[in-house]
Amino acid sequence: MRAYTEQTPDIPNLKGDRGTHSRMASISAPRTLFFTHSAKLFFSPFKPSHSSFSPLPLHLTRPNCTLQQPRRNIIQILEERGLVESITNDTLRTASSAPLKVYCGFDPTAESLHLGNLLGLIVLSWFRRCGHCAVALIGGATARVGDPSGKSLERPELDTDSLEKNTLGISQTITTILGRAQNSNLPNDGSSSSSSSVVILNNYDWWKEFTLLDFLKRVGKYARVGSMMAKESVRKRLESEQGMSYTEFTYQLLQGYDFLHLFQNEGVSVQIGGSDQWGNITAGTELIRKILQVEGAYGLTFPLLLKSDGTKFGKSEDGAIWLSPSFLSPYKFYQYFFSVPDADVIKFLKILTFLDMEDIAALEGEMMKPGYVPNTAQRKLAEEVTRFVHGEEGLAEALKATEALRPGSETKLDWKTIEGVAEGLPSCSLAYDEVLNLSLVDLSVSSGLFESKSAARRLLKQGGVYLNNNRVDSENKRIEAADIVDGKVLLLSAGKKNKVLVRIA
Ligand SMILES: Nc1ncnc2c1ncn2[C@@H]1O[C@H](COP(=O)(O)OP(=O)(O)OP(=O)(O)O)[C@@H](O)[C@H]1O
Ligand SMILES: N[C@@H](Cc1ccc(O)cc1)C(=O)O
């Protein structure tokens with residue numbers, strides 16, 4: 001098995017079935033068109049308001065990417081699992097028999113990535129499992145412009161502080177998820193290398209010093225307005241009442257140039273993204289062809305993950321499934337997948353997990369048979385996805401909370417578990433002295449769980465009131481110190497669904 005490290009990753013690997021695109025071919029491309037970053041700083045449309053702005057400490061993350069001779073054909077794997085919507089050129093199938101560098105971009109428009117973005121991380125991860133190298137690009141510059149793809153209205157402008165916070169948040173998530181996958185998900189067959197790294201870059205690093213005049217000369221000149229207008233993201237917006245700003249119209253060229261920059265400077269030859277990114281990705285392959293006059297840059301899109309109502313999972317939608325544990329606890333994340341309907345679970349297992357297709361088919365077969373234990377497939381799905389996103393620790397936390405909240409469970413709730421399940425629950429804050437010795441009936445009214453004491457008593461008599469998930473039998477129950485979990489919280493429930501969290505102020 002051949003493995004090599006790219007020492008000077010300024011030229012992409014252009015090996016494909018055409019064979020004629022040698023390194024010489026790309027060396028002869030007009031590389032002199034590009035200036036070095038240090039050269040000028042006349043006009044920077046993206047200049048931050050305060051000069052100390054450092055978009056991403058992680059922009060220093062540029063480990064040597066050791067490429068492996070691919071073991072299995074990545075495109076075939078992705079197709080089998082339903083992860084390919086379109087490919088710009090079929091020669092990618094053969095080109096990917098040699099190691100490639102692939103990138104996926106994420107604009108830092110929220111502090112956390114969400115379930116829709118997970119597909120990009122999964123596809124990057126598949127590439128790495130097959131011996132290729134993954135680059136995650138944070139759109140520190142592009143987020144300042146706003147991608148019009150799939151949007152009916154122009155995005156609100158983000159201030160520098162939010163951009164900085166978002167950049168940090170999503171970089172951390174990508175590093176954690178892909179870094180963990182690097183250590184645990186690569187096949188343990190001796191053929192993989194722990195140095196098959198993830199590289200994180202920020203496009204603000206090359207856009208911050210790009211002057212408008214340079215942009216017009218070096219990029220704009222090669223972009224045809226006709227083909228820019230024909231992109232779906234533009235056509236749709238032009239039909240709308242609001243139309244489209246010139247700034248947004250330019251977005252496709254920024255993303256297009258990113259690809260060219262990465263192709264030329266980092267050896268990246270494949271860009272992936274959701275199907276809404278097709279226009280931006282092809283803007284890149286077109287620029288590379290026109291400006292560098294070489295083939296060998298490819299785009300691959302995967303289908304958008306849609307909710308049952310046909311809308312896409314995204315950050316703008318209500319109830320986003322966030323990947324960051326500070327936005328959605330591992331327990332809630334796990335529960336989401338545990339509740340996926342039977343009709344969707346097999347599809348989700350294929351696209352969101354790395355389980356063998358044979359194992360998924362076997363599970364599908366089991367589901368048809370009598371004696372199938374309901375939710376077995378959902379449990380597997382929830383475990384696999386939670387482990388990928390939140391690690392073994394996050395999965396353990398989710399399983400612990402699930403068990404602790406099972407009615408009649410012996411598992412003792414701790415403060416962290418209660419806080420993890422309490423997201424989105426109504427809550428109130430009371431002083432320790434106010435709560436201690438208070439009757440449960442009084443507490444359940446003052447916390448808002450019941451509207452009246454009589455309603456509380458009625459349900460208590462029927463055995464439907466729970467304190468920290470334990471059924472309360474006595475109508476005269478008073479709160480003791482031991483009921484205040486870790487001295488910080490109490491969880492009151494009326495039946496299985498209505499819960500209130502009482503925090504000790
Ligand atoms: N539901 C989804 N299914 C598959 N891919 C998605 C989904 N949502 C976003 N992506 C992909 O994630 C990448 C980054 O998307 P990004 O975060 O910039 O936009 P977004 O989440 O779609 O934003 P918004 O929710 O504001 O529309 C892109 O490749 C995009 O296609
Ligand atoms: N346009 C992508 C993010 C992105 C940004 C820059 C790129 O070079 C690539 C992708 C999105 O909004 O989803």
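Note that the coordinates shown come from a computational prediction; the quantities given were computed from them, not determined experimentally. (Residues numbered from 1 in each chain as written. Chains lettered and ligands numbered in written order. Predicted model: local features only at pLDDT ≥ 70, side-chain atom pairs only at ≥ 80, totals over all residues. Heavy atoms only, no water.)

(A) Focus on the nonpolar core. Counting residues in each nonpolar core, the largest one holds 71 residues, and the members touching the most others are Leu118, Ile272, Phe337 and Leu352. Here this core gets nine residues from one element, more than from any other, and that element is helix H4 (residues 115–129). Residues within four places of phenylalanine 337 in sequence aside, it is in contact with Leu115, Phe348, Leu352, Gln378, Leu381, Ala382 and Val385. In this structure, Tyr204, Phe249, Leu292 and Ala297 belong to the second largest nonpolar core, which totals 33 residues. (Core = buried A, V, L, I, M, F, W, Y, C linked by side-chain atoms within 4.5 Å. Buried < 20%, exposed > 50% of the residue type's maximum accessible area, 1.4 Å probe, protein only. Helix = DSSP H or I, 4+ residues; strand = E, 2+ residues; numbered from the N terminus. Contact = heavy atoms within 4.5 Å.)

(B) Here's a closer look at helix H11 (residues 246–265). Across its 20 residues, H11 extends 28 Å between first and last C-alpha, which sits within 8% of the 28 Å expected from 1.5 Å per residue. At glutamine 252, H11 shows its largest bend, some 25 degrees. Counting buried positions over the 20 residues of H11 gives 17, a clear majority of the element. Glycine 267 lies just past H11 and shows a positive phi near 75 degrees. (Expected span 1.5 Å × (residues − 1). Bend = angle between axes of the 7 residues up to and from the residue.)

(C) Expanded view of the environment of arginine 289. Position of arginine 289 relative to the elements: it lies in helix H12 (residues 278–292). A residue is classified by how much of its surface remains accessible, and arginine 289, at 39% relative accessible area, is partly exposed. For the pair arginine 289 and aspartate 90, spaced 199 residues apart in sequence, the C-alpha to C-alpha distance is 16 Å.

(D) Up close: the site of ligand 1. The environment of ligand 1 is made up of 22 residues, and the closest members are His114, Asp276, Leu305, Lys312 and Phe313. Histidine 114 places a polar side-chain atom, nitrogen or oxygen, 2.4 Å from an oxygen atom of ligand 1. Note that an oxygen atom of ligand 1 is positioned 2.9 Å from one of the side-chain N or O atoms of lysine 151. Surface burial for ligand 1 is 95%, taken as the share of its 610 Å² of free accessible area covered by protein chains. (Near = heavy atom within 4 Å. Polar contact = N/O pair within 3.5 Å; in protein donor to acceptor, adjacent residues only side chain to side chain. Areas by Shrake-Rupley, 256 points an atom, 1.4 Å probe, with all protein chains shown as cover.)

(E) Highlighting the site of ligand 2. Taken together, 13 residues are adjacent to ligand 2, and Tyr103, Asp147, Tyr251, Gln255 and Asp258 come closest. The separation between a nitrogen atom of ligand 2 and a polar side-chain atom of tyrosine 251 is 2.6 Å. Glutamine 277 places a polar side-chain atom, nitrogen or oxygen, 2.9 Å from a nitrogen atom of ligand 2. Burial of ligand 2 by the surrounding chains reaches 89%, relative to a free accessible area of 340 Å². For the shell around ligand 2, the secondary-structure elements that each account for two or more residues are strand S4 (101–106) and H11. In terms of residues, the shell around ligand 2 owes the most to one element, H11, which gives three residues. Broken down by class, the residue content of the shell around ligand 2 amounts to three nonpolar, seven polar and three charged. (Nonpolar A, V, L, I, M, F, W, Y, C, P; charged D, E, K, R; others polar.)

(F) Region of interest: the pairing of strand S6 (residues 198–202). Across the five residues that make up S6, a large majority, five, are buried. Residue alternation in S6 divides its side chains into two sets, Val198, Ile200 and Asn202 and Val199 and Leu201, and both sets are buried.

(G) Summary view of the UniProt feature "domain: RNA-binding S4" (unreviewed entry) in the protein chain. Feature annotation in UniProt assigns "domain: RNA-binding S4" (unreviewed entry) to the following positions: residues 439–496. Here residues 439–496 is 28% helix and 19% strand, with 21 Å between the C-alpha atoms at its ends. (UniProt positions renumbered as here; feature names shortened; annotations may be inferred.)

(H) View of the packing of aromatic side chains. For the structure on display, the rule yields 13 aromatic pairs. Between the aromatic rings of phenylalanine 313 and tyrosine 336, the centroid separation amounts to 6.2 Å while the plane-to-plane angle is 85 degrees, which identifies the pairing as edge-to-face. Placement of phenylalanine 313 in the loop between strand S8 (298–302) and helix H13 (330–338) and of tyrosine 336 in helix H13 is noted, with a sequence separation of 23 residues between them. For phenylalanine 313, a relative accessible area of 9% translates into the label buried. Taking the centre distance of 5.2 Å and the plane angle of 50 degrees together, the rings of phenylalanine 354 and phenylalanine 388 count as tilted. In this pair, phenylalanine 354 is assigned in the loop between helix H14 (342–352) and helix H15 (357–368) and phenylalanine 388 in helix H16 (residues 376–404), connecting sequence segments 34 residues apart. Accessibility classification places phenylalanine 354 together with phenylalanine 388 in one group, the buried group. By the ring-pair criterion, three or more aromatic residues cluster together here, those being Trp207, Phe210, Phe215 and Tyr257. In this structure, arginine 129 is placed above the aromatic ring of tryptophan 126, and the distance from its NZ or CZ to the ring centre is 5.4 Å. (Phe/Tyr/Trp six-rings, centres within 6.5 Å; stacked < 30°, edge-to-face > 60°. Lys NZ or Arg CZ within 6 Å of the ring centre and 35° of its normal.)

(I) Inspection of the pairing of S8 at higher detail. Of all five residues that make up S8, five are buried, and the element is covered over most of its length. What you see with S8 is no split at all: Tyr298, Leu300 and Phe302 on one side and Gly299 and Thr301 on the other are buried throughout. Alignment of strand S3 (residues 86–87) against S8, held across two bridges, turns out to be antiparallel. What sits directly across from serine 86, in S8, is threonine 301. A crossover connection joins strand S7 (residues 270–274) to the parallel S8 through H12; in handedness this β-α-β unit is right-handed. (Pairing = 2+ DSSP bridges. Right-handed = clockwise from strand over helix to strand, strands pointing away.)

(J) Highlighting the pattern of salt bridges. Under the counting rule described, the total for this entry stands at 19 salt bridges. Between lysine 165 and glutamate 111 there is a salt bridge, with the nearest N and O atoms lying 3.9 Å from each other. Taken together, the residues span a long stretch of sequence, with lysine 165 in helix H6 (residues 160–184) and glutamate 111 in the loop between S4 and H4 at a distance of 54 residues. Its salt-bridge partner being lysine 312, residue aspartate 276 comes within 3.5 Å of it at the nearest N-O pair. With aspartate 276 in the loop between S7 and H12 and lysine 312 in the loop between S8 and H13, this residue pair connects regions lying 36 residues apart in the sequence. Accessibility expressed as a relative area gives 24% for aspartate 276, which makes it partly exposed. Here lysine 312 falls in the partly exposed class, since its relative accessible area comes to 32%. Through salt bridges with shared partners, a single ionic network connects Lys380, Glu384, Arg387 and Glu392. (Salt bridge = Lys/Arg side-chain N within 4 Å of Asp/Glu carboxyl O.)

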